[in-house]
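# Observations on the model geometry
Chain by chain, the residues:
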Amino acid sequence: MTALHKLTCKVALSLLLCASLTPQLQAQDASTPIAFATQREAWLQKAAANMPQLSETHHAPQQIVRSVQDPQAFQGWRMEASGEPIDSLYTQSFKARKTVILDFGEHLTGYFTFRVNHMGLPADAPIRFRFTFAEMPAELNTPFDPYPGGLSRAWLQDEIVSLMRLPETLTLSRRLACRYVKIELLAQSYFDFTFEKIDFKAVTSATQRVEPLDPSTDPRIARINDVGLTTLKECMQTVYEDGPKRDQRLWIGDLYLESLANTYSYQNHQLTRRCLYLLAALADEEGWLHATVYEYPTPLPQTHQHCMDYSLLYGVALNEYYKATGDRETAEDLWPVVVRQIGFARTYLKDDIYDMQKQPSWWLVFDWKDQLDRHASMQGLMTFALDQSYELARLLGREKEVSEWPNALKAMRKASRKCFYDARNGVVRSGAEGQISHLSQVWMILSKTLTPKEGQRALELVLSDSTACYPGSPYAYHYLIEALIECGMDDQARELLISYWGGMVENGADTFWEVYDPKDDFKSPYNFFPINSYCHAWSCTPVYFIHKYKSIFQR
Ligand code: RAM
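Residues numbered from 1 in each chain as written. Predicted model: local features only at pLDDT ≥ 70, side-chain atom pairs only at ≥ 80, totals over all residues. Heavy atoms only, no water.

A separate point is the overall build of the protein. Along the protein, the regular secondary structure elements total 17 helices and 16 strands. Relative to the 2.2 N^0.38 estimate, which gives 24 Å for 555 residues, the radius of gyration of the protein is 25 Å and therefore close to what a compact globule would have. Projected onto the principal axes, the alpha-carbon positions of the protein cover approximately 85 × 50 × 45 Å. By residue count, 60% of the 555 residues in the protein fall in the buried class. Contacts in the protein between residues at least 24 apart in sequence constitute 77% of all its contacts with a sequence separation of at least 6. Accessible surface, the protein as shown: approximately 21,900 Å² in total, 51% of it carbon and sulfur. The distance from the centre of the 56 positive side-chain charges to the centre of the 67 negative ones in the protein is 2 Å. (Helix = DSSP H or I, 4+ residues; strand = E, 2+ residues; numbered from the N terminus. Rg over C-alpha atoms; globule rule 2.2 N^0.38 Å. Buried < 20%, exposed > 50% of the residue type's maximum accessible area, 1.4 Å probe, protein only. Contact = heavy atoms within 4.5 Å. Areas by Shrake-Rupley, 256 points an atom, 1.4 Å probe, with all protein chains shown as cover. Lys, Arg positive; Asp, Glu negative; His and termini not counted. Charge placed at Lys NZ, Arg CZ, Asp CG, Glu CD.)

If you want it as structure tokens, here you go:
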């Protein structure tokens, strides 16, 4: 069962339990929900005022390719140039050709337009095509039906279109994300016809030129940087989307990492501002943030979708945003949101340890890894978020409002060491079984619960332990690299960035993937790998590392 499935099952229960929690919350932080209600409209307006302009570029297919089954290739398929000139698509009969795969040569997000005309005799009947758009070669070569996936089948990008009269120019209404498009002729009559034009209008809100890398940068890192920049650009639309193919929406965890990468690249701070306001405006009645929100038809939250780790990362994202921009108005406006998330999370502490038993109505993301015991990670992340949020309080001169936070931090770190740190073996353990995972070490390091020296010992241990529970997604690898740097393990951070993100590049990635487990090409949190997103926001962070830590990565 995936995390999302579990979540769905929990929703009913959560509704019941939320009602019983409300009095406790109000008693602890009574003024905040009222302030939220009055601010909602103003915050929505600020989100709207910061709507970015999308830039548009037009792209034509670069070549005609064919799929080749190859056990050595990622997911068993690769594309090969057909050798046919692309112009033949526009001059030869498509009735004779029947099917073609076109390669745009790069990942694109936007709108597909085509024009078909008859060749000589007029059309006496409709013609019908199926268009399948794919980010990856195997996506075009895996039957979609019967569909075994856990998310809507409609996210898969296949569209059947009938043209009633020719010539006709048509733009498919759905926005697409792809590098390849396969066109299949499903029905025709006796007349001949051809494609006269194919155009892809790509859209993004990432427009600013990015500072080039030092020319001495290792070419593998330079390539990773390029792929990371494309990934981020594709996900930067009118919000920071998680993935332009799926789910095409704003999630807090993705926003945090995208905004970090944006600060070191495109610097579209207006987009970050918009997302921060949007999430705040759409918090629930108690001021608790929803993990994800929609923009259309009008801004709406995905109700009951709460992730405690994501809510806490909001404050971290706001702190980073403020440090990057000095935009005091936004930081002041949204400060109560941060206080609210911390206040809410703290009601779930028992003896200064996050109480997993009391977690009825939400899930913890952390990674696409079902086996991961999340207790130590959650305790660490909460401590980290409290620390970062307190930094924001200091920067805004608001420490007095949260004067108990430093003591709370101390107490949490102390309790963590007692509860999770196996000092004799120098490693963090989580859960009843004492699971050793990379992420448990990572979050105890980022929360400064372990000293850098202890962190180094713990990370060396897990990195060399093949039985340790290792990360399953680039999202989790991001925090692992951060922790390695925090402990002064610069060479290991560099090597890991090259081996993990470079592994995707070697496997043909034009953009970085939502899920990548070097041991399992077909891993999917949704039970069907074609529904994975292969251009995913949370995977773009090499951009942040490479540009921020120049001495580690640009040499
Ligand atoms: C997935 C999204 C996103 C992630 C959430 C938790 O469905 O694609 O990246 O933040 O789940």
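Inspection of the region around the ligand gives 13 residues, with D242, R246, D254, Y310 and H536 positioned closest. Between the ligand and D247, the relevant distance is 3.2 Å, taken from an oxygen atom to a side-chain nitrogen or oxygen of the residue. The separation between an oxygen atom of the ligand and a polar side-chain atom of Y310 is 2.6 Å. Contact with the protein chains hides 100% of the accessible area of the ligand, taken as 290 Å² for the molecule alone. The residue makeup of the shell around the ligand, split by class, is seven nonpolar, one polar and five charged. (Near = heavy atom within 4 Å. Polar contact = N/O pair within 3.5 Å; in protein donor to acceptor, adjacent residues only side chain to side chain. Nonpolar A, V, L, I, M, F, W, Y, C, P; charged D, E, K, R; others polar.)

Moving on, we come to the sheet that holds strand β11 (residues 292-294). Strand order in this open sheet of three strands is β10-β11-β12, and the pairing throughout is antiparallel. Single-partner strands in this sheet number two, and they are β10 (250-251) and β12 (300-301). (Pairing = 2+ DSSP bridges.)

Once that is clear, we can look at the packing of aromatic side chains. Evaluated as defined, the whole model comprises 44 aromatic pairs. Judged by centre distance (6.4 Å) and plane angle (50 degrees), the rings of F528 and F529 are tilted. For the pair shown, F528 and F529 are each scored as buried. Among the aromatic residues, those joined into a ring-pair cluster are W251, Y310, W363, F366, W368, F384, W443, Y475, Y479, Y526 and W538. The ring centre of Y348 lies 5.0 Å from the NZ or CZ of K358, which sits over that ring. Looking at K369, its charged tip hangs above the ring of Y470, at a distance of 3.7 Å from the centre. (Phe/Tyr/Trp six-rings, centres within 6.5 Å; stacked < 30°, edge-to-face > 60°. Lys NZ or Arg CZ within 6 Å of the ring centre and 35° of its normal.)

What follows covers the nonpolar core. M308, Y310, Y314, L459 and F553 are the most contacted members of the largest nonpolar core, which totals 146 residues. Ranked by residues supplied to this core, first place goes to helix α10 (residues 375-396) with 11 residues. There are two domains that each give this core at least three residues, and those are domain 1 (5-53 + 206-553) and domain 2 (55-204). Setting aside residues no more than four positions away along its own chain, L459 makes contact with Q441, V442, I445, L480, A483, L484, C487 and M489. Grouped together as the second largest cluster of nonpolar side chains are 30 residues, I64, L172, I183 and L185 included. (Core = buried A, V, L, I, M, F, W, Y, C linked by side-chain atoms within 4.5 Å. Domains from an automatic or database assignment.)

With that out of the way, let us pick up the pattern of salt bridges. Throughout the structure, instances matching the rule amount to 35 salt bridges. Measuring nitrogen to oxygen at the nearest pair gives 2.9 Å for the salt bridge that ties R179 to D510. Of this pair, R179 sits in strand β8 (residues 176-187) while D510 sits in the loop between α15 (490-506) and α16 (542-548), and the two are 331 residues apart along the sequence. For the residue pair R179 and D510, the accessibility class agrees, reading buried in each case. K550 is paired through a salt bridge with E211; the nearest N and O atoms lie 3.6 Å apart. One end of the pair, K550, is in helix α17 (residues 550-553); the other, E211, is in the loop between β9 (193-204) and α5 (219-235), with 339 residues separating them in the sequence. Given the relative accessible area of 49%, E211 is considered partly exposed. Beyond isolated ion pairs, a larger network of salt bridges with shared partners links R66, D70, R78 and E80. (Salt bridge = Lys/Arg side-chain N within 4 Å of Asp/Glu carboxyl O.)

With that settled, consider the pairing of strand β5 (residues 127-134). In terms of burial, β5 is a largely internal element, six of the eight residues being buried. Looking at chain direction, β5 and strand β6 (residues 158-163) are connected through six bridges and run antiparallel. When the bridges of β6 are listed, I127 appears paired with L163. Relative to β8, β5 runs antiparallel, the two sharing seven bridges. Of the residues in β8, the one forming a bridge with T132 is K182.

The geometry of α10 relative to helix α12 (residues 438-446) is characterised by a closest axis approach of 8 Å and an angle of 20 degrees between their N-to-C directions. Between α10 and α12, the interaxial angle falls into the category roughly parallel. The interaxial crossing formed by α10 with α12 has left-handed handedness. Packed against α10, whose contacting residues are A376, S377, Q379, G380, L381 and F384, the element α12 presents L439, S440, W443, M444 and L446 at the interface. Classifying every residue of the contact of α10 with α12 gives seven nonpolar, four polar and no charged. (Axes fitted to C-alpha atoms, helices over the stretch in contact; angles between N-to-C directions. Parallel < 35°, antiparallel > 145°, perpendicular 65-115°, else oblique. Left-handed = near helix turned anticlockwise from the far one by under 90°.)

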